[in-house]
Amino acid sequence: MTAYGPMRHDEVLPPVTGRALPVYRGEVLRIIQEEEGGQCVDFNAFNLYDYKERLDVGRTRAYHGMFPKKGDNIYTQSPRDRVMFAILEMPETCKAETLGARCNATLFERTLGFDLHTNCQDTLAEAIGEYDLTPDDVHDSFNLWMNTDVDSSGRMTLGPNTGRQGDYVDLLAIFDTLSVPIVCGSGDVFTTSNFRLKSIRFQVFEPSEETLAIVERIERDFNSRRNQRKVSDFRVSRIKADRELRRNESYEPRFPNFPLDPRPVLVELDDEEYEQLEEIRALGLLPGRTDADVLRSAVMTACLMEAAEKGFEFVIPAALRE
Amino acid sequence: MKTVETEFNRQQRQLLDKLRAKHGLGPDDAEVARFAFRRYVKAFLPAKEKV
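Rules of the game
- Residues numbered from 1 in each chain as written.
- Chains lettered and ligands numbered in written order.
- Predicted model: local features only at pLDDT ≥ 70, side-chain atom pairs only at ≥ 80, totals over all residues.
- Helix = DSSP H or I, 4+ residues; strand = E, 2+ residues; numbered from the N terminus.
- Buried ≥ 20, exposed ≤ 12 C-beta atoms within 10 Å, placed from the backbone.
- Contact = placed C-beta atoms within 7 Å.
- Pairing = 2+ DSSP bridges.
- Axes fitted to C-alpha atoms, helices over the stretch in contact; angles between N-to-C directions.
- Nonpolar A, V, L, I, M, F, W, Y, C, P; charged D, E, K, R; others polar.
- Parallel < 35°, antiparallel > 145°, perpendicular 65-115°, else oblique.
- Left-handed = near helix turned anticlockwise from the far one by under 90°.
- Core = buried A, V, L, I, M, F, W, Y, C linked by C-beta atoms within 7 Å.
- Arc of directions from axis to C-beta.
- pLDDT = per-residue confidence, 0-100.

**Notes on the overall build of chain B**
Here's step 1: Per the secondary structure count, chain B includes two helices and one strand.
Here's step 2: The order of helices and strands in chain B, counted from the N terminus, is β-α-α.
Here's step 3: Burial status across chain B gives 29% buried among its 51 residues.

This is how it looks when you write it as structure tokens:
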């Protein structure tokens, strides 16, 4: 296990509360199941110096699937797309998920007729208000100990919470963040927390040589891509200070790589290769009906197999992954 | 022998360039495309047997 620096913060969050707290580069945020366990935790986070960059479960799901695990990373949103946290520890009994978004008061009004029920949107909003952020700045949560799945029709399902007392998840901050762990407010009427809302504990550990070494590796391998855009790259970079949208008549979009300049290529296939192309089409293995489309699909798929970087093999069709 | 006319846009040609560089292929995109097609078939046949 990675060695951390000394603990600098230790706090119990009673139901249904949360806390916004800076967690700096190289520090580890530990979130712990208190009481008997089985408490769902919602988590938001922001770049401490630019609140417009924030944790993004969609980006994270695209890279690591619906249920990230120990060893995976948590990303910020496009076009930043940086690793924000590395998941250093996560027990098997913690299901982390990226499907449930965050519960809100309207959900409970719609589903169960509540005038007002505790909910993650409002708890997160109250916590980040300490930093002058608004309810609109709350974003979809990275949910810990939330036992969702997907049924055969593609709909989200919710099972009992599998967390045990003492379980903990360790998140290593890759840059300075405002981190916001909260006690999910849904679990007294849903199975998210097994019908009893409980406290959670969180702790922050200072950087150590080992955590900083991991940060440096991630900065080098993941956070130094030319397309991870910074505010200085934005054509429109000023944050709108009013709410109404008005058209800027002088604005002209500059879509990337437009026009795409398709060029014809004449490919000679021998009889055996052409039969193979027809077989691929007959079996429906690749998209395309015409010879041109099937051939292009095969060529591009081969390119993906050759070019996909380690850890990002999801771009290759599953049947062709080793 | 059969000639299939397909097309690649500028981004797709970048991937062809990667393949060209990796395998020391010539400048003709058609040659690279045929090489890639063969690579796909080679990978696809074992996958088909699994099915």
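**Observations regarding the overall build of chain A**
Here's step 1: The helix and strand inventory of chain A stands at six helices and 14 strands.
Here's step 2: Here the C-alpha coordinates of chain A stretch approximately 70 × 50 × 50 Å along the principal axes.
Here's step 3: Per-residue burial for chain A yields a buried fraction of 39% across its 322 residues.
Here's step 4: In chain A, the share of contacts with a sequence separation of at least 24, taken over all contacts with a separation of at least 6, comes to 70%.

**Concerning the sheet that holds strand β13 (residues 200–205) of chain A**
Residues and elements named next belong to chain A.
Here's step 1: Spatially, six strands are ordered β1-β13-β3-β11-β7-β6 in an open sheet, and the strand pairing comes out antiparallel. Each edge of the open sheet is held by one strand with a lone partner, namely β1 (7–13) and β6 (73–75). On average, each strand axis in the sheet is inclined to that of its neighbour by 20 degrees, with strand direction left out of account.
Here's step 2: As defined by bridge partners, strand β3 (residues 28–33) adjoins β13 across six bridges and the pair is classed as antiparallel. Bridge assignment links V28 to a residue of β13, and that residue is F205.

**Some remarks on the interface of chain A and chain B**
Here's step 1: If you look at the interface, chain A gives 32 residues, while chain B gives 29 residues.
Here's step 2: Elements with a minimum of two residues in the side of chain A that touches chain B: β14 (263–269), α5 (271–283) and α6 (291–307) of chain A.
Here's step 3: If you tally residues by element for the side of chain A that touches chain B, the top one is α6(A), at 13 residues.
Here's step 4: Among the residues forming the side of chain A that touches chain B, the class breakdown is 21 nonpolar, three polar and eight charged.
Here's step 5: Bridging between β14(A) and strand β1 (residues 2–8) of chain B involves seven bridges; their strand directions are antiparallel. Each residue of the ladder has a partner; that of A:V267, found in β1(B), is B:V4.

**Brief notes about the packing of α6(A) against helix α1 (residues 10–23) of chain B**
Here's step 1: For the pair α6(A) and α1(B), interaxial distance at closest approach is 10 Å and the crossing angle is 55 degrees. Viewed along their axes, α6(A) and α1(B) adopt a mutual orientation that is oblique. Pair α6(A) / α1(B) crosses with left-handed handedness. Residues A:M300, A:C303, A:E306 and A:A307 of α6(A) lie in contact with α1(B), whose contacting residues are B:Q12, B:L15, B:L16, B:K18, B:L19 and B:K22.
Here's step 2: Partitioning the contact of α6(A) with α1(B) into residue classes produces six nonpolar, one polar and three charged.

**Some words on the pairing of β3(A)**
The side chains of a regular strand alternate between both faces of the sheet.
Residues and elements named next belong to chain A.
Here's step 1: Of all six residues that make up β3, six are buried, and the element is covered over most of its length.
Here's step 2: Alternating positions in β3 separate into two faces, V28, R30 and I32 on one and L29, I31 and Q33 on the other, with burial throughout.
Here's step 3: By the bridge criterion, five bridges tie β3 to strand β11 (residues 168–173) in an arrangement that is antiparallel. Paired with L29 across the two strands is L171, which belongs to β11.

**Brief notes about the nonpolar core**
Here's step 1: Core analysis: the biggest nonpolar cluster contains 56 residues, and A:V41, A:F85, A:L144, A:L172, A:I174 and A:V180 have the highest contact counts within it.
Here's step 2: Among the elements that take part in this core, strand β7 (residues 83–89) of chain A stands out by supplying six residues, more than any other.
Here's step 3: In this structure A:V180 touches A:G18, A:A20, A:F43, A:N44, A:A45, A:L124, A:A127 and A:I128, once residues within four positions along its chain are discounted.
Here's step 4: Grouped together as the second largest cluster of nonpolar side chains are 24 residues, A:V267, A:L285, A:V294 and B:V4 included.

**Quick word on helix α3 (residues 120–128) of chain A**
Here's step 1: All of the buried residues along α3(A) are A:C120, A:D122, A:T123, A:L124, A:A127 and A:I128.
Here's step 2: Looking at the buried side of α3(A), the elements it contacts are β4 (41–47), α2 (105–112) and β12 (177–183) of chain A.

**Brief notes about helix α1 (residues 57–64) of chain A**
Residues and elements named next belong to chain A.
Here's step 1: Every buried residue belonging to α1 is among V57, R59, T60 and H64, and all of these are buried. Looking straight down α1, one finds its buried side chains confined to an arc of 160 degrees; they lie on one side.
Here's step 2: Each element contacted by the buried residues of α1 is listed here: β6 and β8 (142–144).
Here's step 3: Remark: G65 follows α1 within two positions and exhibits a positive phi of approximately 90 degrees.

**Remarks on the confidence of the model for chain B**
Residues and elements named next belong to chain B.
Here's step 1: Of all residues in chain B, 86% attain a pLDDT of 70 or more, and the chain-wide mean is 90.
Here's step 2: Within chain B, no element has a lower average pLDDT than helix α2 (residues 29–50), which sits at 85, and none a higher one than β1, at 97.
Here's step 3: Note on the complex model: pTM 0.92, ipTM 0.93.

**Looking at the packing of α5(A) against α6(A)**
All names here are of chain A.
Here's step 1: At their nearest, the axes of α5 and α6 sit 10 Å apart, and the two run at 90 degrees to each other. The angle between the axes of α5 and α6 places the two elements in the roughly perpendicular class. Here L277, I280 and R281 of α5 lie close against α6, whose contacting residues are D291, V294, L295 and A298.

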